[in-house]
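What the coordinates show
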Amino acid sequence: MVAEVLAGLTIETVGWDHADAVRLRAEQQHEIDLRYTQPGRPATTDADGAPVPDARDQVDPSNVFATLLLRVDGEPAGHAALRDLSGRDDYQGGLHPDGTAEVKRVYVAPGFRGRGLSRTVMKAAEDVARDAGVRHLVLETGLMQPESLGLYLRLGYDPVESFGVFSDEPGSRCFGKWLVPDGAAPLVGPVETPPAPASAPVLREVPWDDPDAAALRRAMWVYLQPLYPELARVVEARGGHDVVDVERGRTTLVTVLAVLDGRPVGCATLAPSPVGPKHLTADPMRGVGGIAAAAEAGESRGFELQSVFVDPSVRRAGVASALVGYLEEAARRRGGLASYLNTGIRQPTALRLYGKLGYRPVLPYPPYGSDDAQLLFLGKAL
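Residues numbered from 1 in each chain as written. Predicted model: local features only at pLDDT ≥ 70, side-chain atom pairs only at ≥ 80, totals over all residues. Heavy atoms only, no water.

1. As for the overall build of the protein
When you go through the protein residue by residue, the secondary structure sums to nine helices and 15 strands. Taken over 382 residues, the protein has a buried fraction of 48%. In the structure as shown, the protein presents an accessible area of about 18700 Å², 55% of it carried by carbon and sulfur atoms. (Helix = DSSP H or I, 4+ residues; strand = E, 2+ residues; numbered from the N terminus. Buried < 20%, exposed > 50% of the residue type's maximum accessible area, 1.4 Å probe, protein only. Areas by Shrake-Rupley, 256 points an atom, 1.4 Å probe, with all protein chains shown as cover.)

What follows is the structure, encoded as structure tokens:
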């Protein structure tokens, strides 16, 4: 297949061992090696000093059913491949369902970035997969690739449970997208649109230990426990929710309560962040060690949104957006230039909301790290 997409831009299917495809994959692997470099960990090299690739990065060509090569004015500029996962080991104790394929080696060469070509090659990969009968498309990336995380979220991919050879890597993140209308994941229970509220939410600042705010944070914890049993074990080891809640309250600057039709329905808090606006553009090529280096000394002028929770019975009523907007303004009044937050991979609705509010994936920021296996980190310039 050769398809003209834009003037001077073509996408063609080639063999996995096509020279241009091989070269682009080698460039991508070098970039990934830089991003995931850890301080103090010696590089693995062969007898001649050449880097030895991680065996887990190797792709069996016999599983690849399409390799896409994107050219701009004849120059190889982008790459993506598709491999069939149907019936294969998911490394989580099961098998991938029929009709599952994985996008591999999505890459645009540095000289061609900033033109939307990653989106172009991904759309082409989806078309090829759909034509091949693929129902569910999945992929794997990592926290040190915030640009990739943002791309996949914008293209409608939701986080899925880790799969494959990197499933035990805490910094790995996996995503999936249904390509056919009847391929939607099965719903758990009915989905109901809440009735329109009689009025807009009323927001007011309250002390951290305000009874209504405390009750909502406890409700949030009850909601999160079954979603994140791993987190529940950590919290219990620290003394339980009440102990952790008191600890978090010591650093809180603002606690805001949302009241709708006379009933407390939401809360959120603002805390100082050790990173400011520089972290929004931190260079991932500096590797994992660059995360700590991005923490600015002195007053960072960054803030973190924490414990954003809305009673499920009134979701989609604008309460969460109002809470976030209130805290952003509170941060601006304190000289804030950036706001940060994190949310879990099992809350795709929250991710979509934050995306609409202007938040995008960023590198992990202190005190969190790349070993927080259920989190995605988001930031926004104020």
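2. Describing unusual backbone geometry
Glycine aside, residues mostly have negative phi angles, and peptide bonds mostly take the trans form. Here the residue pair P366 and P367 is connected by a cis peptide bond, since its omega of 10° sits within 30 degrees of zero. Turning to its location among the elements, P367 is positioned in the loop between β14 (360–361) and β15 (375–381). Although it is not a glycine, D261 adopts a positive phi angle of roughly 50°. Mapped onto the elements of the fold, D261 is located in the loop between β10 (254–260) and β11 (263–273). Since its relative accessible area comes to 49%, D261 is described here as partly exposed.

3. Some remarks on the pairing of β15
Across the seven residues of β15, six count as buried, placing the element largely inside the fold. Across seven bridges, strand β13 (residues 338–344) lies against β15 in antiparallel orientation. Bridge pairing in β15 places Y340 opposite G379. Where β14 lies against β15, two bridges are found, and the strand directions are antiparallel. Each bridged residue has a counterpart across the sheet, and for R360 the counterpart in β15 is G379. (Pairing = 2+ DSSP bridges.)

4. A word on the sheet that holds strand β9 (residues 202–205)
Pairing within the open sheet is mixed, and its seven strands lie in the order β9-β10-β11-β12-β13-β15-β14. Looking at the sheet topology across the chains shown, the edges are occupied by β9 and β14. Two strands pair when backbone bridges link them, and β9 and β10 are joined in this way by four bridges, in the antiparallel orientation. Bridge assignment links R204 to a residue of β10, and that residue is L257. Lying on the sheet, helix α8 (residues 319–333) is in contact with β9, β10, β11, β12 (302–310), β13 and β15; it crosses β11 at an angle near 35°. (Contact = heavy atoms within 4.5 Å. Axes fitted to C-alpha atoms, helices over the stretch in contact; angles between N-to-C directions.)

5. Things to note about the pairing of β13
When a strand is regular, its side chains alternate between the sheet's two faces. For β13, the tally of buried residues reaches six of seven residues, placing the bulk of the element in the interior. Two strands pair when backbone bridges link them, and β12 and β13 are joined in this way by three bridges, in the parallel orientation. The residue of β13 that forms the bridge with F303 is S339. Considered for its hand, the β-α-β crossover made up of β12, α8 and β13 is right-handed. (Right-handed = clockwise from strand over helix to strand, strands pointing away.)

6. Digging into the side chain of T100
Relative to the elements of secondary structure, T100 occurs in strand β5 (residues 100–108). Here P97 takes part through its backbone oxygen, which lies 2.8 Å from a polar atom of the side chain of T100. With sequence-adjacent residues up to four places away left out, T100 is seen in contact with D84, L85, S86, H136 and V138. (Polar contact = N/O pair within 3.5 Å; in protein donor to acceptor, adjacent residues only side chain to side chain.)

7. Points about the packing of aromatic side chains
If you walk through the whole model with that rule in mind, you get eight aromatic pairs. The interplanar angle of 65° and the centroid separation of 6.1 Å between the aromatic rings of Y152 and Y157 together place this pair among those described as edge-to-face. The class of Y152 is buried, set by a relative accessible area of 6%. Geometrically, the ring pair formed by Y152 and F175 is tilted, given 6.4 Å between the ring centres and 45° between the ring planes. With Y152 in helix α3 (residues 146–154) and F175 in strand β8 (residues 172–178), the pair connects residues that are 23 residues apart, well separated along the chain. Among the aromatic residues, those joined into a cluster by ring pairs are Y340, Y365, Y368 and F377. Between the NZ or CZ atom of R25 and the centre of the ring of W16, over which it lies, the distance is 3.5 Å. Sitting over the ring of W208, R217 keeps its end group 3.5 Å from the ring centre. (Phe/Tyr/Trp six-rings, centres within 6.5 Å; stacked < 30°, edge-to-face > 60°. Lys NZ or Arg CZ within 6 Å of the ring centre and 35° of its normal.)

8. Concerning the nonpolar core
One finds M122 and L137 to be the most contacted residues of the largest nonpolar core, which totals 74 residues. Excluding residues within four positions of it along the chain, L137 makes contact with L82, A101, E102, V103, E126, A129, Y157, F175, G176, K177 and L179. (Core = buried A, V, L, I, M, F, W, Y, C linked by side-chain atoms within 4.5 Å.)

9. Observations regarding the pattern of salt bridges
Taken as a whole and assessed by the stated rule, the structure comprises 20 salt bridges. R113 is paired through a salt bridge with E31; the nearest N and O atoms lie 2.9 Å apart. Of this pair, R113 sits in the loop between β5 and α2 (117–131) while E31 sits in helix α1 (residues 19–35), and the two are 82 residues apart along the sequence. For the salt bridge of R83 with E102, the shortest nitrogen-to-oxygen distance reads 2.9 Å. Of this pair, R83 sits in strand β4 (residues 75–84) while E102 sits in strand β5, and the two are 19 residues apart along the sequence. Just as R83 is buried, E102 falls in that class too. (Salt bridge = Lys/Arg side-chain N within 4 Å of Asp/Glu carboxyl O.)

10. A look at the confidence of the model for the protein
Looking at the protein as a whole, the pLDDT averages 89, with 86% of positions reaching at least 70. Ranking the elements of the protein by mean pLDDT puts strand β1 (residues 2–6) last with 51 and α8 first with 98. Predicted confidence for residues 186–192 stays below pLDDT 50, and this span has two contacts to residues more than four positions away or in other chains. (pLDDT = per-residue confidence, 0-100.)

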